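Understanding the architecture of this molecule
As a plain string of letters, each chain reads:
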Amino acid sequence: MSVASLSLRNFSAFREAEFEFSPGLNVLIGANATGKSHAMKLIYSILKIKSAGVNGAVAEPPSGEMTTLKLQEKLQRVFRPEDGRIGRLVTRAQGRNHAEIGLKWREKEFSFNFSTLDKLTVERDTLPAVESCLFMPTRELLSMYPGFIAAYEGRELEFDDTYYDLSLALSATPLRGPRLASAAELLEPLERAVLRKVVLKGGRFYLAAKGEGVMEASLAAEGLRKVASLMHLIANGSLAKAGVLFWDEPETNLNPRLATVIARLLMKLAGAGVQLFVATHDYLLSNEFSLAAEYQTDEGKASRPRFFCLSRAKLNAPIQIATGGTLAEVPDNPILQEFAAHYDREQNLFYGRESAEPRERKSK
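Residues numbered from 1 in each chain as written. Predicted model: local features only at pLDDT ≥ 70, side-chain atom pairs only at ≥ 80, totals over all residues. Heavy atoms only, no water.

1. Quick look at the overall build of the chain
Looking only at helices and strands, the chain features eleven helices and 14 strands. Over its C-alpha trace the chain gives a radius of gyration of 21 Å, about what one expects of a compact globule, namely 21 Å for 364 residues. Seen through its C-alpha atoms, the chain measures out along the principal axes to roughly 65 × 60 × 40 Å. Relative to its full complement of 364 residues, the chain shows a buried share of 50%. For the chain, long-range pairs separated by at least 24 residues make up 65% of all intrachain contacts whose partners lie at least 6 apart in sequence. (Helix = DSSP H or I, 4+ residues; strand = E, 2+ residues; numbered from the N terminus. Rg over C-alpha atoms; globule rule 2.2 N^0.38 Å. Buried < 20%, exposed > 50% of the residue type's maximum accessible area, 1.4 Å probe, protein only. Contact = heavy atoms within 4.5 Å.)

2. Some details on the confidence of the model for the chain
Averaged over the chain, the pLDDT score is 87; the fraction of residues at 70 or greater is 92%. For residues 54-58, every residue scores under 50 in pLDDT, and the model assigns this stretch ten contacts once sequence neighbours within four places are set aside. (pLDDT = per-residue confidence, 0-100.)

3. Digging into the sheet that holds strand β9 (residues 204-209)
Strand pairing in a sheet takes place through backbone hydrogen bonds and is either antiparallel or parallel in direction. With antiparallel pairing, the three strands of this open sheet are ordered in space as β8-β9-β10. Both outer strands of the open sheet, β8 (195-201) and β10 (213-216), are each paired with one neighbouring strand and no more. Direction aside, the axes of adjacent strands within the sheet are offset by 25° on average. Pairing between β8 and β9: six bridges, direction antiparallel. Residue K201 lies in a different strand from β9, and its bridge partner there is R204. (Pairing = 2+ DSSP bridges. Axes fitted to C-alpha atoms, helices over the stretch in contact; angles between N-to-C directions.)

4. Description of the packing of aromatic side chains
Aromatic ring pairs are reported here in terms of the distance separating the ring centres and the angle at which the planes meet. Following the criterion strictly, the structure yields 19 aromatic pairs and no others. Between F159 and Y163 the ring centres are 5.1 Å apart and the planes differ by 65°, which places this aromatic pair in the edge-to-face class. According to the relative accessible area criterion, F159 is buried, its value standing at 17%. The buried category is assigned to Y163, whose relative accessible area is 7%. An aromatic cluster is present here, built from F14, F19, F21, Y44, F135, F246, F277 and F308 joined pairwise through their rings. (Phe/Tyr/Trp six-rings, centres within 6.5 Å; stacked < 30°, edge-to-face > 60°.)

5. Description of helix α6 (residues 222-235)
Taking 1.5 Å per residue as the helical rise, α6 with its 14 residues ought to reach 20 Å, and the 20 Å between its terminal C-alpha atoms agrees with that figure. Most of α6 sits inside the fold, with 13 of its 14 residues counted as buried. Following α6 by one or two positions, G237 adopts a phi angle in the positive range, close to 80°. (Expected span 1.5 Å × (residues − 1).)

6. Description of the sheet that holds strand β6 (residues 120-125)
Taken together, the five strands give an open sheet; going across it, the order is β2-β1-β4-β5-β6, and neighbouring strands pair in antiparallel fashion. Two strands bound the open sheet, and with one partner strand each, they are β2 (14-20) and β6. When strand polarity is set aside, the average angle formed by the axes of neighbouring strands in this sheet is 5°. Sheet strands touched by helix α1 (residues 36-48): β1 (5-11), β2, β4 (98-105) and β5 (108-115). Its angle to β1, the strand with the most contacts, is close to 115°. Together, β1, β5 and β6 form the strand contacts of helix α2 (residues 65-79), whose direction differs from that of β6 by roughly 120°.

7. A few points about the packing of α2 against helix α4 (residues 161-170)
Where α2 meets α4, the axes come as close as 6 Å, and the angle between the chain directions of the two elements is 100°. Regarding the angle of α2 to α4, the classification is roughly perpendicular. Within the contact between the two elements, α2 uses K74, R77 and V78 and α4 uses D161, T162, Y164 and D165. Residue classes in the contact of α2 with α4 are distributed as two nonpolar, one polar and four charged. (Parallel < 35°, antiparallel > 145°, perpendicular 65-115°, else oblique. Nonpolar A, V, L, I, M, F, W, Y, C, P; charged D, E, K, R; others polar.)

8. Here's the deal with the pairing of β4
As paired elements, β1 and β4 share five bridges and run antiparallel to each other. Residue pairing across strands places S5 opposite K104, the latter belonging to β4. Pairing between β4 and β5: eight bridges, direction antiparallel. Paired with E100 across the strands is N113, a residue of β5. Linking β4 to β5, which pair antiparallel, is a turn of two residues; within it R106 sits at a positive phi near 50°.

9. Description of the pattern of salt bridges
By the definition in use, this model includes ten salt bridges. Residue D160 pairs with K41 through a salt bridge whose shortest N-O separation is 3.0 Å. With D160 in the loop between α3 (148-154) and α4 and K41 in helix α1, this pair connects stretches of sequence that are 119 residues apart. K41 shares its class with D160; the two are buried. A single network of salt bridges, built from pairs that share partners, joins K74, R77, D161 and D165. (Salt bridge = Lys/Arg side-chain N within 4 Å of Asp/Glu carboxyl O.)

As structure tokens, this is what we get:
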């Protein structure tokens, strides 16, 4: 199953927006506070209430009133609004207002609305069970894993539910038999480039990195821990074909070599049947995706990247969405704009001009 589209009305900073997704790789770019993470967390919340359990054990999907209760609770736990009031996710307006959400795939649809008074109503629910659904937040979790599940369940922690869900997925035991052989194909490029093995033992993760022997995950570089998390999720079947993966800023604390490895692995995952949603500010990562699409490499053909540039004219203005099959097709790309500005600053310094500001910025 893959998500075909998302429609938003009066949700968060979105006054009215439509997304038409690729069944493979979807890349969200844009400045901070343009709704990238909110859009991904919203889709995740809907899919997660009916997703498969740990190690692929499919639970009976909730329906009717139970769906409404589970969705409201999931939105509260993922977005963590003050006092658990999901009405705070409704776009600010004078008087009362409603957010309207629609999610579609094939002939299926899930739609609901909720008001500033926190009343949530499911209007249409034909959502089947999802094979697997994972959200990888910006902060890595391996170093926090020891005791995290028990602490989250027993105390009030300042982490949203994406961290808890990911911890449960990481706790699953490794695959065996044919499913392990299938996962091994996806693991091979990461093992060759970065790590030989990821082990969960005694409630702690250990990494066997090339040239460094075995070490506790907490002692490894953060970039390695992020790669190790992805490897373990593939190895234990939590990230499976026909599943959906959301990754918020995978480039955080990754060196450029790892960023290119991750880009190629994500395209390979998309080609293998995993639908991916990636929010990024990184030039190298996004450009790797774009080049594969532009030059129609095997990875580009298989992953079918689609780019979404989210922007707003000013703070509190409605968010606008531009879509393209490559970065060149997306106008107002903030990543490329800043690299062009950086080049202008370099040229100004090289030629000894009085100011290092780009010419077009000085003229304003």
